[in-house]
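# Coordinates in review
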Amino acid sequence: MEEVKEIQPMPRIGDEAPKFEAMTTMGPISFPEDFKGQWVVFFSHPADFTPVCSTEFLAFAKMKEEFDKRNVQLLGLSIDSNFSHIAWIMNLKEKTGVEISFPIVADVDGKVARLYGMLHPGESSTATVRAVFIIDPNGKIRAIIYYPLSCGRNMKEIVRLIDALQTADKYGVATPANWVSEPQVWEYTEENTKVIVPPPTTYEDAVKRLKEGYECIDWYFCKKSLK
Amino acid sequence: MSQGCISPDGKPTERALELLKLLLEKKKLSDLEIAEILKRPLFQVRSSLRELEKMGFIEKIEGFYGITEKGRRLL
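Residues numbered from 1 in each chain as written. Chains lettered and ligands numbered in written order. Predicted model: local features only at pLDDT ≥ 70, side-chain atom pairs only at ≥ 80, totals over all residues.

In terms of regular secondary structure, chain B is built from four helices and two strands. Ordering the α and β elements of chain B from the N terminus gives α-α-α-β-β-α. On C-alpha atoms alone, chain B measures out to a radius of gyration of 11 Å, which is about the 11 Å that the 2.2 N^0.38 rule sets for 75 residues. Counting the 75 residues in chain B, one finds 35% classified as buried. Across chain B, every contact between residues at least 6 apart in sequence was considered, and the portion connecting residues at least 24 apart equals 43%. (Helix = DSSP H or I, 4+ residues; strand = E, 2+ residues; numbered from the N terminus. Rg over C-alpha atoms; globule rule 2.2 N^0.38 Å. Buried ≥ 20, exposed ≤ 12 C-beta atoms within 10 Å, placed from the backbone. Contact = placed C-beta atoms within 7 Å.)

This is how it looks when you write it as structure tokens:
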């Protein structure tokens, strides 16, 4: 018998951001209605308590001022419960001192993830890829970025993209390759060269992980140098 | 869906009380003004306003929010 595949329409650049209502770590939201008048970086991550996602959330949180300056509200999502999101951000706060001060959508049934085409079955049928939707103050999708599960995003590129969109709108111009709003040096340190150690998948291994000589923030979040 | 202004035991949350007290004091405010005064994200203020308006604790007149008699009784 011929296999019947479900085809999910995916939002594209220039489309109105699909509407949804959801619970977040900062209360219920009606999207994009509640965010009108602000730019939104709506991004998905594969799962809570995973190491690459933790580095991304910490990086987003540390750049909050940059996003605030640009009238940008961050909004995260993964196919996890609100309790899981809360436990995770409390864990990050406890282990690193960094407060995650933006909302995360609880999408246990994956409804919002499917609505936004954040599930790519060839990559994973249960975890969302690293999608970024940049939505303008009128609720229109202006840019989309997809990264696979294994690669953390570059937050400075997301800020650069917002600067480019806002500049294009303000001056009626386009921006060339490697454009930046002002001369700058993107500083990378030794820390940026480290990689993530795949997290343990059993309780026994999790207990052992902290004694294995890696640089660990918690049992699921360890880095090592390849040098 | 879970609510942000009324806790599971039926009592108004701190967020709801903060907003109602502000409207009692200032009479009429826009969503932007409320967000600025309370130093809360705009989306969260809008969500609370929608919920409180639906429950009849506040009303919206020409883009400005004010507390209702039912809202005053809650404080």
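Next comes the rest of the description.
The next point concerns the overall build of chain A. Regarding its fold elements, chain A presents six helices and 10 strands. Taking 2.2 N^0.38 as the reference for a compact globule, 227 residues should give roughly 17 Å; the C-alpha atoms of chain A span a radius of gyration of 18 Å, in line with that estimate. Once the C-alpha set of chain A is aligned to its principal axes, its extents read approximately 55 × 55 × 40 Å. A burial count over chain A gives 30% of its 227 residues as buried. If you take every contact in chain A between residues at least 6 apart in sequence, the share linking residues at least 24 apart comes to 68%.

A few words on the UniProt feature "binding site: substrate" (unreviewed entry) in chain A. Residues and elements named next belong to chain A. UniProt marks Arg130 with the feature "binding site: substrate" (unreviewed entry), using the numbering shown here. Mapped onto the elements, Arg130 comes out in strand β6 (residues 130–135). Ignoring any residue separated from it by four or fewer positions in sequence, one finds Arg130 in contact with Ser44, His45, Tyr146, Tyr147 and Arg153. (UniProt positions renumbered as here; feature names shortened; annotations may be inferred.)

Right, let's get into the interface of chain B and chain A. Counting residues at the interface gives 11 residues for chain B, matched by 11 residues for chain A. Looking at the side of chain B that touches chain A residue by residue, the classes come out as four nonpolar, five polar and two charged. (Nonpolar A, V, L, I, M, F, W, Y, C, P; charged D, E, K, R; others polar.)

Moving on: the packing of helix α2 (residues 31–38) of chain B against helix α3 (residues 42–54) of chain B. Two quantities define a packed helix pair, namely the angle between the helix axes and the distance between the axes. All names here are of chain B. Running from N to C, α2 and α3 cross one another at 120 degrees; their axes reach a closest spacing of 9 Å. Regarding the angle of α2 to α3, the classification is oblique. Helix-helix and strand crossings are classified by hand; for α2 and α3 the assignment is right-handed. Contacts from Asp31, Leu32, Ile34, Ala35 and Leu38 in α2 reach Leu42, Val45, Arg46 and Leu49 in α3. Taken together, the residues of the contact of α2 with α3 break down into seven nonpolar, no polar and two charged. (Axes fitted to C-alpha atoms, helices over the stretch in contact; angles between N-to-C directions. Parallel < 35°, antiparallel > 145°, perpendicular 65-115°, else oblique. Left-handed = near helix turned anticlockwise from the far one by under 90°.)

Along an α-helix, a turn takes 3.6 residues, which lines up residues three or four apart on a common side. With 12 residues, helix α1 (residues 51–62) of chain A extends 17 Å from end C-alpha to end C-alpha; this agrees with the ideal 16 Å at 1.5 Å per step. Buried-residue contacts for α1 of chain A involve α2 (64–69), β4 (72–78), α3 (82–96), α5 (155–171), β8 (195–196) and β10 (221–224) of chain A. (Expected span 1.5 Å × (residues − 1).)

Residue and element names in this part refer to chain A. An order of β8-β10-β9 is seen for the three strands of this open sheet, with the pairing classed as antiparallel. Edge strands, defined here as strands with exactly one partner in the open sheet, are β8 and β9 (215–218). Relative to β10, β9 runs antiparallel, the two sharing three bridges. Residue pairing in the sheet places Glu215 in a bridge with Lys223 of β10. (Pairing = 2+ DSSP bridges.)

Bringing the domain arrangement of chain A into the picture now. All names here are of chain A. Examined at the domain level, chain A breaks down into domain 1 (20–178) and domain 2 (187–227). Computed over C-alpha atoms only, the centres of domain 1 and domain 2 are separated by 24 Å. If you list the elements that add at least two residues to the side of domain 1 that touches domain 2, you get α1 and α3. (Domains from an automatic or database assignment.)

The next subject is the environment of Glu16 of chain A. Residue and element names in this part refer to chain A. On the secondary structure map, Glu16 appears in the segment before β1 (20–24). For Glu16, a count of 12 C-beta atoms within 10 Å translates into the label exposed. For the pair Glu16 and Pro32, spaced 16 residues apart in the sequence, the C-alpha separation amounts to 9.2 Å. For Glu16, the contacting residues outside a window of four places in its chain are Gly139 and Lys140.

Turning our eyes to something else, we now look at unusual backbone geometry. A cis amide bond links Phe31 of chain A with the next residue in sequence, Pro32 of chain A, at an omega value of 0 degrees. The residue Pro32 of chain A is located in the loop between β2 (27–31) and β3 (39–44) in this model. The residue Lys39 of chain B is not glycine, and still its phi comes out positive at about 55 degrees. The residue Lys39 of chain B is located in the loop between α2 and α3 in this model. With a phi close to 50 degrees, Glu62 of chain B is a non-glycine residue in the positive phi region. With respect to the element layout, Glu62 of chain B can be found in the loop between β1 (58–61) and β2 (64–67).

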